[in-house]
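# Coordinate inspection notes
Chain by chain, the residues:
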Amino acid sequence: QQKRGRFIYRTPILCCNGPMKQKGGKNEGKTFWNKEYRQGEHLALSTRESEDLIKFTLWLKREYGGDFLNPSDSVLDLGCGNGRNLIYLAQTFGVHGVGYDISAEAIAQAKEQSGKLPIEYSVCSVTDPLPLPDESQTLVLDMMVSHFLSGEERAHLRSEIARVLKPGGWLFLKTFLLDEDRHAERFLREHPGKEAGSYIHPVFGVTEHVFTEKELAEMLGSLFTVHKKVRSHRHLKDGRAFKRRSISIYAQKK
């Protein structure tokens, strides 16, 4: 969508702690996200939990009962932003939480809003090794983070997620879906990035990657079993491009 000449994302919060592909690299990314969390100039940042995450937790409880999301479990949120999703999980299921984000401003907001909930937050980048023990997490959230990374960085993060997940643990992945997304097709055509499937955002000046379902299957297939995929359906209106398309994937570590 466009509003007063700016592209405004209307998907849930874009909390990212990957590097921004601009002149200043990670430092530029920190500056961008700190400004967004203070002023909200470009993005519609929410303090409410993600509806897509709620759907996943309902599905997980329905399919597996009390096997997951218990007070003894730990959940890692990559790009936790203001902590809204970890706060929801801690309040609803009593889980412990670990939240990482590149924005110090976001982490400060998350700590303030979390109060005495059992959540630990840190300012760090997902392009670095995750400072967590092997097989220590029951659930990892990657919600609108991986699309900011290069192919090499995505492969590194996937391996790190698999390393910190317990056997049979879960990855909830939400990202942009290229299939039938005409906005993404135009971005790729008019503002191509260095890698296939990537473009330079015409407003933010950052490199973003948009995935096909085939690409996601290949990325996850060797380490995860995909149990469910939920695709957004409001990307077209009257046969024309309307909103960006996304996909949520419920994946279990093999």
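Residues numbered from 1 in each chain as written. Predicted model: local features only at pLDDT ≥ 70, side-chain atom pairs only at ≥ 80, totals over all residues. Heavy atoms only, no water.

With that settled, the discussion passes to the side chain of T127. With respect to the helices and strands, the residue T127 is situated in the loop between β5 (119-123) and β6 (137-143). Classification of T127 as buried rests on a relative accessible area of 17%. Only 2.7 Å separates the side chain of T127 from the side chain of S125, close enough to count as a polar contact. (Helix = DSSP H or I, 4+ residues; strand = E, 2+ residues; numbered from the N terminus. Buried < 20%, exposed > 50% of the residue type's maximum accessible area, 1.4 Å probe, protein only. Polar contact = N/O pair within 3.5 Å; in protein donor to acceptor, adjacent residues only side chain to side chain.)

Let us look at the environment of F176. Inspection of the secondary structure puts F176 in strand β7 (residues 165-176). On a C-alpha basis, the gap between F176 and S246 in space is 4.3 Å, while along the polypeptide they are 70 residues apart.

All right, on to the environment of P133 then. Relative to the helices and strands, P133 resides in the loop between β5 and β6. Judged by relative accessible area, P133 falls into the exposed class, the value being 53%. For the pair P133 and V164, spaced 31 residues apart in the sequence, the C-alpha separation amounts to 6.2 Å. When near neighbours in sequence (up to four residues on either side) are disregarded, P133 contacts R163 and V164. (Contact = heavy atoms within 4.5 Å.)

Before going further, it helps to spend a moment on the nonpolar core. Of all hydrophobic cores here, the largest spans 27 residues; its most connected members are L76 and L78. Broken down by element, the residue count for this core peaks at four residues, all from helix α5 (residues 151-164). Within the second largest apolar cluster, 25 residues are counted, among which are F56, F93, L139 and F172. (Core = buried A, V, L, I, M, F, W, Y, C linked by side-chain atoms within 4.5 Å.)

Note: strands within a sheet are paired through backbone hydrogen bonds, in either parallel or antiparallel orientation. Taken in spatial order, the seven strands of this open sheet run β5-β4-β3-β6-β7-β13-β10, and their pairing is mixed. Strands at the two margins of the open sheet, each flanked by one partner only, are β5 and β10 (224-231). Strand-to-strand, the axes of this sheet are offset by a mean angle of 15°, without reference to chain direction. Examined bridge by bridge, β7 and strand β13 (residues 246-253) share seven bridges and lie antiparallel to one another. In the sheet register, L171 faces β13, and the bridge partner there is A251. Helix α4 (residues 104-114) rests against β4 (96-101) and β5 of the sheet, and its axis sits at about 165° to β5. (Pairing = 2+ DSSP bridges. Axes fitted to C-alpha atoms, helices over the stretch in contact; angles between N-to-C directions.)

Interhelical geometry of helix α2 (residues 51-64) versus helix α3 (residues 84-93) gives an angle of 35° and a closest axis separation of 11 Å. Here the hand of the crossing between α2 and α3 comes out right-handed. Between α2, through L53, I54, T57 and K61, and α3, the contact on the second element is made entirely by N85, Y88, L89 and F93. Looking at the contact of α2 with α3, its residues break down into five nonpolar, two polar and one charged. (Left-handed = near helix turned anticlockwise from the far one by under 90°. Nonpolar A, V, L, I, M, F, W, Y, C, P; charged D, E, K, R; others polar.)

A separate point is the state of the cysteines. Covalent bonding between the sulfur atoms of two cysteines defines a disulfide. Following the criterion strictly, the structure yields zero disulfides and no others. The closest cysteine sulfur to the non-disulfide-bonded C124 is located on C80, 8.5 Å from its own sulfur. (Disulfide = S-S within 2.5 Å.)

Moving on, we come to the confidence of the model for the protein. Per-chain confidence: the protein averages 86 in pLDDT, with 81% of residues scoring 70 or above. Here residues 1-25 is modelled with pLDDT under 50, and outside its nearest four sequence neighbours on either side it reaches 93 contacts, counting other chains as well. (pLDDT = per-residue confidence, 0-100.)

Turning to the pattern of salt bridges, a few remarks are in order. In total, this model carries eight salt bridges according to the counting rule given. With a closest N to O distance of 3.0 Å, R163 and E160 form a salt bridge. Taken together, the residues span about one helical turn, with R163 and E160 both in helix α5 at a distance of three residues. Judged by relative accessible area, which is 11%, E160 ranks as buried. One salt bridge connects R245 with E180, and the closest N-O pair in it is separated by 3.7 Å. Linking R245 in the loop between β12 (240-241) and β13 with E180 in the loop between β7 and α6 (182-190), this pair joins segments that are 65 residues apart in sequence. Residues joined in a network through salt bridges with shared partners are D134, E160 and R163. (Salt bridge = Lys/Arg side-chain N within 4 Å of Asp/Glu carboxyl O.)

Counting buried positions over the six residues of β4 gives five, a clear majority of the element. Of the pairings in the sheet, the one linking strand β3 (residues 74-78) to β4 comprises five bridges and is parallel in character. Directly across from D77, in β4, lies its bridge partner G99. Both β4 and β5 contribute to a ladder of five bridges, which runs parallel. Its bridge partner lying in β5, D101 is registered against V123. Note on the crossover from β4 through α4 to β5: the handedness is right-handed. (Right-handed = clockwise from strand over helix to strand, strands pointing away.)

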